[in-house]
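# Observations on the model geometry
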Amino acid sequence: MFSFKLGLKNLTRQKRRNVITIMVIAFAFFSYLLMDSLMNGMEEMSFENLKNYDTGNIQVTYPEYWEDREELPLENLIYLNQDMEESIKNTDGLLGMSPELRFKANLNNGIDEVAVQGMGISIEQYNQVFNTQNYVVEGSMFAPGESKAVIGVSLAELMDLKVNDYITLLVRTKDDTFNTIDVEIAGLVRAPNPMINNGIVFVPLDVAQQALNVGNAVSMLALKTVSGDEDTVTKALTDSFKNKNLDLKAYSWKESAASVIALSAAKKGGIGAILSIVLLIGMLGIINNVILSALERTEEIGMMKALGMREWEIVFVFMVEATGIGILGGLAGCLIGYAGVSGLVKYGFSIAYIGGDGSEFGIPILDRIYGAWNYPAFSFLFILGVVIAVLSSILPAYWAAKKDPVKAIYHR
Amino acid sequence: MSLLELNKVKKIYQQGKIEVPALRGVDLEVEEGEFTTIFGPSGSGKTTLLNMIGCLDTPTEGEIRLNDKKVSDLSRKALAMIRRYNIGFVFQSYNLIPVLTAYENVEFAIRLTDHTSESQMKEKVLKMLAEVGLKGLESRRPNELSGGEKQRVAIARALVKKPKLILADEPTANLDSENAAGVVDIMRKMNKELNTTFIFSTHDPMVMKYANRYINLKDGMISADERRE
């Protein structure tokens, strides 16, 4: 116990150096916690923005369509019938269903033309599944039966369009002939998912079906469930389709979020790399501290050996000191990390600082990433930091304790 | 029976390819309770001899016996245990731990050997500090003590575990004559009261006169060995 006391008292020596080491460890912890919060926040927001503005919780379509869905084909579409609708609607845990007809189009404002994605929606059903209606910044979503369109603010700015302007969508029908959809803009939307703002034109489903000559077909059905129930509902739907010999398949939003999931996996790798750097900084700080202390206290180590202290007892004294530095650095890091994460959760980090919106980086976030709390990261980092402090002190402490007593006493 | 016996002890240091003999065959017997001084010119081997006796170093040749136990070929661990329980050291530069008070510096030594109750331990430490004339200065740190006071703490630290043998390498070299006399007075007093054996090296004639045995070391060999009452 006296060795423990001595180790703690040694923390008050070389105050400046100890404080610098503690600050370095604290800053490394702080950086990690901030980055972890930002990455987790980005992941959460990305997933929410996908579910709430793009995919819904579950998408139902034919596997053949699913494979080619990026191409927005007019093949393998779903022709809704009562049997299908019933098997979907009767599934437990379902909160809404939105049929969608996705198609390629060129948006023409009379002067310029730009490639966009057309989206035929049944507005009442769409509003049950998606939150886009809450982000209409000018005008409104079109009402049922209205032959109007809603586009994103960014697209409107690009094409110099405003509410009540008329637009023409040049489309290729199912039969490979050209057709146009002429509609008035009912509203401009600025959704948290930049993909909605930049390149999608919402039109009524019946208008799209008629223009594309696809009858009552839709590309897919977007479903809303209680968050977290996706897998259960997906399985129930798949079973139900199988029982009714329907070739339809249900896909959880995770399957259409491959790029975001890949980004999330990369995030884990990135976080791991940051963690390694943080721990390396901590280790180097501690090793440096123990070596310098041992060099400065060579005569003292000699005296300890003369008193008959065993090597492990001397190692223990240094380890206590190193652990103290690790604990103080970890605590300080967690404290300033808490403050930093609080700021990030409250005020967020604007993507505009690094230019553009999230779509330019492949993330469905418009302008500001908010941090997310990851409390286990605090305790995990703190414990890991202390363990690393203990472990990294062993070798240099052992090096110090192994000194020849005569050489140590006379500092030769 | 002698407390300490050295038979033909040699110590040769290797400096690159050159062998430097520090001790060239020392034979010595020290009885319990002796107050022995080792003197001689610089480089005569005084410190090397003390290191051998103190189990801090091992001889290249020859045998050392402490309490009739051969210690010259023991392992590092075993030597540490011999030092812990049998030998006290007093160094020229005190070697006190600066973050510990005078009390704690002494307590540090006794904690390694004594596992009695807190109150008994406290009593022993305070008594020892009082014996060396440091009553009232127990809570001072080394930087708040004079050189003489620091050396008294070092003596108390060496004595508190009641070792059979205390080795002091130039214990008064950093002290003025008044403090040096004070320190040697205390060593002599402890030698008489506790029958602890003291062996110390010194250059100081004033210190030498306190000893009852004089060993003159020259070129790594004992050139004179006198006892005086």
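Residues numbered from 1 in each chain as written. Chains lettered and ligands numbered in written order. Predicted model: local features only at pLDDT ≥ 70, side-chain atom pairs only at ≥ 80, totals over all residues. Heavy atoms only, no water.

Here the focus is the pairing of strand β1 (residues 58-61) of chain A. Residue and element names in this part refer to chain A. Of the two faces of β1, both are covered, the one formed by Ile58 and Val60 as well as the one formed by Gln59 and Thr61. As paired strands, β1 and strand β11 (residues 220-225) are joined by three bridges and run antiparallel to one another. Residue pairing in the sheet places Gln59 in a bridge with Ala222 of β11. (Buried < 20%, exposed > 50% of the residue type's maximum accessible area, 1.4 Å probe, protein only. Helix = DSSP H or I, 4+ residues; strand = E, 2+ residues; numbered from the N terminus. Pairing = 2+ DSSP bridges.)

Another aspect to go through is helix α1 (residues 2-10) of chain A. Working note: α-helix, 3.6 residues per turn, so residues spaced by three or four point in the same direction. Among the residues of α1(A), A:Phe2, A:Ser3, A:Leu6, A:Gly7, A:Lys9 and A:Asn10 are the ones counted as buried. The buried residues of α1(A) occupy an angular sector of 165° when projected down its axis, which confines them to one face. Buried positions along α1(A) lie against α2 (15-55), α11 (298-306) and α12 (311-347) of chain A together with α3 (102-111) of chain B. (Arc of directions from axis to C-beta. Contact = heavy atoms within 4.5 Å.)

With that settled, the discussion passes to the interface of chain A and chain B. The partner chain B presents 27 residues to the 25 residues of chain A that form the contact. When residues of chain A are sorted by the area they lose upon contact with chain B, A:Phe2, A:Met303 and A:Leu307 head the list and together hold 27% of the total. Our count for the contact surface shared by chain A and chain B stands at five salt bridges. Of the charged contacts, one joins B:Glu107 and A:Lys5 as a salt bridge, the two residues approaching to 3.9 Å between their closest N and O atoms. (Buried area = accessible area lost by both parts, 1.4 Å probe. Salt bridge = Lys/Arg side-chain N within 4 Å of Asp/Glu carboxyl O.)

Here we come to the packing of α1(A) against α12(A). A pair of packed helices is captured by two measures, namely the crossing angle of their axes and the spacing between those axes. Residues and elements named next belong to chain A. Running from N to C, α1 and α12 cross one another at 45°; their axes reach a closest spacing of 7 Å. Accordingly, the angle class assigned to the pair α1 and α12 is oblique. Once α1 is placed against α12, the crossing between them reads as right-handed. Here Ser3, Phe4, Leu6, Gly7, Leu8 and Asn10 of α1 come into contact with α12, specifically with Glu313, Phe316, Val317, Val320 and Glu321. Considered class by class, the residues forming the contact of α1 with α12 number six nonpolar, three polar and two charged. (Axes fitted to C-alpha atoms, helices over the stretch in contact; angles between N-to-C directions. Parallel < 35°, antiparallel > 145°, perpendicular 65-115°, else oblique. Left-handed = near helix turned anticlockwise from the far one by under 90°. Nonpolar A, V, L, I, M, F, W, Y, C, P; charged D, E, K, R; others polar.)

All names here are of chain B. Relative to the assigned elements, Lys209 resides in the loop between α7 (205-208) and β9 (213-218). Considering only alpha carbons, one finds Lys209 and Arg228, 19 residues apart in sequence, at a separation of 9.8 Å. Setting aside chain neighbours within four positions, we find Lys209 in contact with Tyr214 and Arg228.

Residues and elements named next belong to chain B. Ordered in space as β6-β7-β8-β3-β9-β10, the six strands form an open sheet in which the pairing is mixed. Looking at which strands have only one partner, the edges of the open sheet turn out to be β6 (87-90) and β10 (221-227). Each adjacent strand pair in this sheet contributes to an overall mean axis angle of 15°, direction not counted. Looking at chain direction, strand β3 (residues 35-39) and strand β8 (residues 197-201) are connected through four bridges and run parallel.

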